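Residue-level structure breakdown
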Amino acid sequence: MRLYLAVAAGGFRRHATYRVATVAGVFTNTVFGFIIAYTYTALWDERPQLGGYDLSQAVTFVWLGQGLLMTCAMMGGGFEDELIERIRTGDIAVDLYRPADLQLWWLAGDLGRAAFHLLGRGIAPMVFGSFVFDLAMPGSALVWPAFLLAVFLGVVVSFAIRYLVALSAFWLLDGAGVAQISFLAGTFFSGLLLPLTLFPGVLGEIARALPWSSLLQVPADVFLGRRAGWDLAGAYAFQAGWAAALLVAGRLLQGVATRRVVVQGG
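To keep things clear, this report deals only with the structure shown in the data block. (Residues numbered from 1 in each chain as written. Predicted model: local features only at pLDDT ≥ 70, side-chain atom pairs only at ≥ 80, totals over all residues. Heavy atoms only, no water.)

Re the overall build of the protein
- For the protein, the helix and strand inventory stands at 11 helices and zero strands.
- Going residue by residue from the N terminus, the α and β elements of the protein occur as α-α-α-α-α-α-α-α-α-α-α.
- Per-residue burial for the protein yields a buried fraction of 48% across its 266 residues.
- In the protein, once contacts between residues fewer than 6 apart in sequence are set aside, the share between residues at least 24 apart is 79%.
- Surface accessibility of the protein: about 12,900 Å² in total, with carbon and sulfur atoms responsible for 70%.
- The distance from the centre of the 17 positive side-chain charges to the centre of the 16 negative ones in the protein is 9 Å. (Helix = DSSP H or I, 4+ residues; strand = E, 2+ residues; numbered from the N terminus. Buried < 20%, exposed > 50% of the residue type's maximum accessible area, 1.4 Å probe, protein only. Contact = heavy atoms within 4.5 Å. Areas by Shrake-Rupley, 256 points an atom, 1.4 Å probe, with all protein chains shown as cover. Lys, Arg positive; Asp, Glu negative; His and termini not counted. Charge placed at Lys NZ, Arg CZ, Asp CG, Glu CD.)

Quick notes on the packing of helix α3 (residues 55-68) against helix α6 (residues 102-132)
- The N-to-C vectors of α3 and α6 enclose an angle of 155°; their axes lie 7 Å apart at closest approach. As judged from the angle between their axes, α3 and α6 are roughly antiparallel. For the pair α3 and α6, the crossing hand works out as right-handed. Where α3 approaches α6, its residues Trp 63, Leu 64, Gln 66, Gly 67 and Leu 68 are matched on the opposing element by Leu 118, Arg 121, Gly 122, Pro 125, Met 126 and Gly 129.
- When grouped by side-chain class, the residues that make up the contact of α3 with α6 number six nonpolar, four polar and one charged. (Axes fitted to C-alpha atoms, helices over the stretch in contact; angles between N-to-C directions. Parallel < 35°, antiparallel > 145°, perpendicular 65-115°, else oblique. Left-handed = near helix turned anticlockwise from the far one by under 90°. Nonpolar A, V, L, I, M, F, W, Y, C, P; charged D, E, K, R; others polar.)

Considerations on the nonpolar core
- The biggest cluster of nonpolar side chains holds 47 residues, and the ones touching the most others in it are Trp 63, Leu 64, Met 74, Phe 147 and Leu 216.
- Contributing elements (two or more residues each) for this core: α2 (19-46), α3, α6, α7 (143-167), α8 (176-189), α10 (217-223) and α11 (230-265).
- What Phe 147 contacts, discounting residues up to four positions off in sequence, is Leu 64, Leu 68, Pro 219, Val 222 and Phe 223.
- Ranked by size, the runner-up nonpolar core spans 15 residues in total, among them Ile 84, Ile 92, Leu 102 and Tyr 163. (Core = buried A, V, L, I, M, F, W, Y, C linked by side-chain atoms within 4.5 Å.)

What to know about the packing of aromatic side chains
- Counting across every chain of the model gives 17 aromatic pairs.
- Ring geometry for Phe 12 and Phe 116: centres 5.6 Å apart, planes at 90°, overall edge-to-face. One end of the pair, Phe 12, is in helix α1 (residues 2-16); the other, Phe 116, is in helix α6, and 104 residues separate them in sequence.
- Taking the relative accessible area as the measure of exposure, Phe 12 reaches 30% and is therefore partly exposed.
- Here Phe 79 and Trp 106 contribute two aromatic rings whose centre-to-centre distance is 5.8 Å and whose plane-to-plane angle is 35°, an arrangement assigned as tilted. Placement of Phe 79 in the loop between α3 and α4 (80-89) and of Trp 106 in helix α6 is noted, with a sequence separation of 27 residues between them.
- Exposure remark for Phe 79: the relative accessible area of 7% places this residue in the buried category.
- Counting every residue linked through ring pairs, the aromatic cluster contains Phe 34, Tyr 38, Trp 63 and Phe 133. (Phe/Tyr/Trp six-rings, centres within 6.5 Å; stacked < 30°, edge-to-face > 60°.)

Some details on α1
- For α1, built from 15 residues, the straight-helix expectation of 21 Å at 1.5 Å per residue is met to within 8% by its first-to-last C-alpha distance of 21 Å.
- Among all positions in α1, only Tyr 4, Val 7, Ala 8, Gly 11 and His 15 are buried. What you see down the axis of α1 is that its buried residues fit within an arc of 100°, all on one side. Relative to its buried face, α1 has exposed residues pointing more than 90 degrees away, namely Arg 2, Leu 5 and Arg 13.
- Buried residues in α1 make contact with α2 and α6. (Expected span 1.5 Å × (residues − 1). Arc of directions from axis to C-beta.)

Next up, the structure:
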């Protein structure tokens, strides 16, 4: 456990060194936050209570999306490119022979990355947005730890998806295509473009049942107080269920890939 805590701390420090990139990221998230928030304002002026949100909640959803964009890596930007490159070059063979669990190693590093982005790029856009818009902040202090737990589970789900994407490079010449498809799915089905409650009929039901909804839609609803009591427990169960299923799938795929590397090495 101490090893993986050290890896997580290293992941935090690694991303903390890119100060200029962090400032540029905050600026970009803030600009896009204003653009999307004003678009939502015009939309909700025409259709109040659209998707079950009032205007304040809808605008808050926008800023939560900008704050969690890099935290939950909805458009990629985590460890997966590095892991794909290590698989492509064959350096992954060295990783597989190390006395550390490959999946836990990358998970720990990604949690450190997510923690930095939550603090470094998540808080500032929300603060800037609150100066201009009437955001729907939690009325109870208990909502904050509930929200952070939902974010943590969303990060784990995000990692598990991207880990599967990276492992596809064992069977493909390049995992970039799979990664791009996954990132597009994450952008659309997380709620980053529009809250999933706006999706009509069967499309909405499917979108809310997919794992990507754990990245933004579920944490946002927890923050906005739309999940409480047993409904909150159900939200956690949904996220934890997807996290467990995807992590197990990644471990099984990792086992197949490991045997393949051992056979080829032998």
